[in-house]
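Below are the chains, spelled out letter by letter.
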Amino acid sequence: MIALIDYGAGNLTSVGKALAHLDAPATTPTSPTDLASADGLIVPGVGNFEVTAALGADWRAAIDTHIAKGRPVLGICVGMQWLFDGSTEAPGHPGLALMPGTCSLITDQEAATSDQSRGASDRVGGRLKVPHVGWNTLRVTKPSWLLDGIDAGAQVYFTHSFAAPVTDDCVGATRYGMEFAAAVERDLVAGVQFHPEKSSDVGLRILRNFLQKAS
Amino acid sequence: MLSKRIIACLDVRDGSVVKGVNFEGLRHAGDPAELATRYNREGIDEVVILDITATIEKRKALADTIQAVAREIFLPLCVGGGIRGEEHAEAAIEAGADKVGINTAALAQPELITSLAKRYGSQAVIVAIDAKREAGRFKIYVRSGQQGTERDAVEWAQEAADRGAGEILLTSIDQDGTKTGFDCELTSAVSSAVPIPVIASGGAGTFDHFVDVFTTGQADAALAASIFHYSERAVADLKTHLRTHDIPVRIT
């Protein structure tokens with residue numbers, strides 16, 4: 001059984017539908033003690049980093065226990081950012097600190113040079129639009145269980161303004177004004193900045209990789 | 001590189017896709033889920049369900065249709081038409097929509113944009129604008145393009161973005177249904193004025209029209225309906241065409 005953590009920011013419906021499509025039953029635990037029976041945990045999420053504050057010390061302890069039992073966790077979007085130390089979006093709200101680093105606003109750090117062929121720039125009218133919305137290339141940077149079987153150059157669907165830094169935990173990176181971590185993995189803890197539940201076959205494959213770890 | 005998105009619009013009435021659909025190859029004529037599945041297979045990037053009768057007849061978008069489509073495809077799904085207030089948006093999102101398009105209601109009560117953005121995140125709030133050229137400016141029409149207003153499309157798009165809209169779905173009333181091309185001037189005027197993505201709509205007739213709207217029009221995404229209905233190769237062929245013009249697209 002997969003537990004989908006609901007902290008009120010949810011794309012729970014979409015993630016739940018994708019899991020149902022993959023024949024993986026999911027529940028939405030109402031209290032941290034419900035996590036004890038979960039084979040895998042998914043922390044979805046959209047919106048502001050601040051919403052993660054809804055998950056207090058008792059939830060954090062239950063997630064730590066789940067990981068200590070050797071069971072996998074997947075954070076999606078803000079759920080992935082939550083795995084880090086925190087985000088400049090909500091400085092007062094620490095993350096789970098399972099991975100070092102702080103998430104920050106996407107900024108245009110790349111000079112407008114090579115990508116200026118006709119219509120082919122990330123800049124529209126000379127500037128970078130933030131949020132980053134749409135399909136972008138996931139560059140696999142390291143072997144991982146999470147991105148197993150994903151082709152080089154596969155595209156996935158993003159919608160976000162803040163992003164995680166490229167660190168040792170990064171297994172897939174994406175460029176938009178700057179390079180950021182699109183997929184991270186440390187042992188059984190993984191996260192994706194994009195929405196696998198909205199990334200068609202590529203996304204379903206990634207969810208299947210997670211389910212395999214959880215079985 | 002971020003791809004330019006190609007979005008298919010399903011004009012839905014009473015649970016069926018209507019308006020110039022070639023139903024060849026579909027088992028159930030006009031079935032939205034089946035058509036969406038076909039588009040997904042062909043490589044469409046996103047799907048919009050537009051309940052075309054909803055605004056006029058004050059009906060909400062059909063939850064059953066949304067549910068059926070959301071069960072079959074794992075792509076961003078936007079629902080518009082008849083979203084008059086928070087309860088309609090809630091029903092659409094609970095049925096499986098990722099984004100809701102608000103048009104008439106957003107102009108009538110702009111605070112709806114902010115309250116929906118607070119509740120679901122800006123990425124879920126698309127402000128749809130129907131604009132028509134009048135006296136040298138782009139004037140907004142509401143109620144499915146039937147009622148003129150005094151509002152300017154560029155100014156309203158900026159206000160909508162300030163209020164928390166995540167994207168603008170911009171339809172040219174002049175071009176809609178003509179198949180003579182998008183209104184690139186309108187699209188460019190809005191796209192260069194707002195920090196959020198602009199989806200161009202209205203007028204797609206040839207693949208070159210998409211090239212134009214992504215270059216001259218500075219669009220982030222382009223939406224069409226009938227051009228995709230007629231041929232099972234249309235989406236893939238369009239993307240190949242765009243790629244030969246150096247426009248980044250997702251190839252599946």
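**Regarding the overall build of chain B**
Okay, step 1: Of regular secondary structure, chain B possesses 11 helices and 11 strands.
Okay, step 2: For chain B, whose C-alpha radius of gyration is 17 Å, the value lies close to the compact-globule estimate of 18 Å for 252 residues.
Okay, step 3: Along the first, second and third principal axes, the C-alpha atoms of chain B reach 45 × 40 × 35 Å.
Okay, step 4: Among the 252 residues that make up chain B, the fraction classed as buried is 62%.
Okay, step 5: Once local pairs closer than 6 in sequence are excluded, the contacts in chain B between residues at least 24 apart make up 65%.
Okay, step 6: About 9,300 Å² of surface is accessible on chain B, with carbon and sulfur atoms providing 48% of the total.

**Re the confidence of the model for chain A**
Okay, step 1: Across chain A, pLDDT averages 92, with 93% of residues at or above 70.
Okay, step 2: Here residues 115-120 of chain A scores under 50 on pLDDT; set against residues more than four positions off or in separate chains, the count is 20 contacts.

**Focus: the sheet that holds strand β5 (residues 86-87) of chain A**
Okay, step 1: In spatial order, the strands read β5-β6-β12 (chain A); together these 3 strands make up an open sheet with mixed pairing. The open sheet has two free edges, formed respectively by β5 and β12 (162-163) of chain A, since each of these has just one partner strand.

**A short note on the sheet that holds strand β10 (residues 139-140) of chain A**
Sheet strands pair by backbone hydrogen bonding; their relative direction is either parallel or antiparallel.
All names here are of chain A.
Okay, step 1: As summarised here, the arrangement of the 8 strands in space is β2-β1-β3-β4-β15-β14-β13-β10, forming an open sheet in which the pairing is mixed. At either end of the open sheet lies a strand with only one pairing partner, and these are β2 (26-27) and β10.
Okay, step 2: Of the strand pairs in this sheet, strand β1 (residues 2-4) and β2 are connected by 2 bridges, and their pairing is parallel. For A3, the partnering residue across the bridge sits in β2 and is T27.
Okay, step 3: Helix-sheet contacts for helix α1 (residues 12-21) involve β1, β2, β3 (40-43) and β4 (73-76), and the interaxial angle to β1 is about 165°.

**Some points on helix α1 (residues 32-42) of chain B**
Okay, step 1: Burial within α1 of chain B is extensive, with 9 of its 11 residues counted as buried.
Okay, step 2: Turning to α1 of chain B, its buried residues number three or more, namely P32, A33, E34, L35, A36, R38, Y39, N40 and E42 of chain B.
Okay, step 3: Those residues of α1 of chain B that are buried are in contact with α4 (200-213) of chain A together with β1 (5-13), β2 (16-17), α3 (63-72), α10 (226-229) and α11 (234-244) of chain B.

**Considering the layout of surface pockets**
Okay, step 1: Taken as a whole, the second largest pocket encloses approximately 610 Å³ of empty space.
Okay, step 2: Around the second largest pocket, the lining comprises 34 residues; the ones closest to its centre are G47 and N48 of chain A together with G121, S122 and Q123 of chain B.
Okay, step 3: Elements that contribute at least two residues to the lining of the second largest pocket include exactly α3 (78-81) and β11 (155-160) of chain A together with α6 (111-120) of chain B.
Okay, step 4: Element by element, the count of residues in the lining of the second largest pocket is highest for α6 of chain B, at 4 residues.
Okay, step 5: In terms of residue class, the lining of the second largest pocket is built from 17 nonpolar, 12 polar and 5 charged.

**Topic: empty space enclosed by the protein**
Okay, step 1: As enumerated under the stated definition, the model contains 3 cavities of 30 Å³ or more in all.
Okay, step 2: Of the volumes computed, that of the largest cavity is approximately 100 Å³.
Okay, step 3: Every residue lining the largest cavity is counted, 14 residues in all, and those nearest its centre are D122 and V124 of chain A together with L2, K4 and D220 of chain B.
Okay, step 4: Residues of the lining of the largest cavity, tallied by class, amount to 7 nonpolar, 2 polar and 5 charged.

**Focus: the pairing of strand β9 (residues 167-172) of chain B**
Residues and elements named next belong to chain B.
Okay, step 1: Taking burial as the measure, the 6 residues of β9 include 6 buried ones, the bulk of the element.
Okay, step 2: Of the two faces of β9, the one holding E167, L169 and T171 and the one holding I168, L170 and S172 are both buried throughout.
Okay, step 3: Alignment of strand β6 (residues 125-134) against β9, held across 6 bridges, turns out to be parallel. The residue bridging V127 from the neighbouring strand is I168, located in β9.
Okay, step 4: Sheet analysis places β9 next to strand β10 (residues 198-201), joined by 4 bridges and oriented parallel.

**Here's the deal with the side chain of K198 of chain A**
Okay, step 1: Its location among the elements puts K198 of chain A in the loop between β15 (189-192) and α4.
Okay, step 2: When neighbours within four sequence positions are excluded, K198 of chain A is seen to be in contact with S14, W135 and Y157 of chain A together with F74, L75, P76 and D98 of chain B.

**A word on unusual backbone geometry**
Okay, step 1: The step from V130 of chain A to P131 of chain A runs through a cis peptide bond, and the omega angle for that step is 15°.
Okay, step 2: In this fold, P131 of chain A is placed in the loop between β8 (127-128) and β9 (132-137).
Okay, step 3: Even without being a glycine, K179 of chain B presents a positive backbone phi close to 60°.
Okay, step 4: With respect to the secondary-structure elements, K179 of chain B resides in the loop between β9 and α8 (184-191).
Okay, step 5: On the accessibility criterion, K179 of chain B (42% relative accessible area) is partly exposed.

**Things to note about the interface of chain A and chain B**
Okay, step 1: Taken together, the contact pairs 35 residues of chain A with 42 residues of chain B.
Okay, step 2: Across the contact surface, chain A and chain B share 2 salt bridges.
Okay, step 3: Linking chain A to chain B there are 19 residue pairs in polar contact (both at pLDDT 80 or more).
Okay, step 4: When residues of the side of chain A that touches chain B are traced back to their parent elements, those giving at least two are α1, β9, β11 and α4 of chain A.
Okay, step 5: Per element, the largest residue contribution to the side of chain A that touches chain B is 6 residues, and it comes from β9 of chain A.
Okay, step 6: Here the residues of the side of chain A that touches chain B are counted per class, giving 11 nonpolar, 16 polar and 8 charged.

Procedures and definitions
- Residues numbered from 1 in each chain as written.
- Chains lettered and ligands numbered in written order.
- Predicted model: local features only at pLDDT ≥ 70, side-chain atom pairs only at ≥ 80, totals over all residues.
- Heavy atoms only, no water.
- Helix = DSSP H or I, 4+ residues; strand = E, 2+ residues; numbered from the N terminus.
- Rg over C-alpha atoms; globule rule 2.2 N^0.38 Å.
- Buried < 20%, exposed > 50% of the residue type's maximum accessible area, 1.4 Å probe, protein only.
- Contact = heavy atoms within 4.5 Å.
- Areas by Shrake-Rupley, 256 points an atom, 1.4 Å probe, with all protein chains shown as cover.
- pLDDT = per-residue confidence, 0-100.
- Pairing = 2+ DSSP bridges.
- Axes fitted to C-alpha atoms, helices over the stretch in contact; angles between N-to-C directions.
- 1 Å grid on protein atoms, 1.4 Å probe; cavity = no way out; pocket = protein on both sides within 12 Å on 5 of 7 lines; lining within 4 Å.
- Points joined across faces, edges and corners; volume = space filled by probe spheres on them.
- Nonpolar A, V, L, I, M, F, W, Y, C, P; charged D, E, K, R; others polar.
- Salt bridge = Lys/Arg side-chain N within 4 Å of Asp/Glu carboxyl O.
- Polar contact = N/O pair within 3.5 Å; in protein donor to acceptor, adjacent residues only side chain to side chain.

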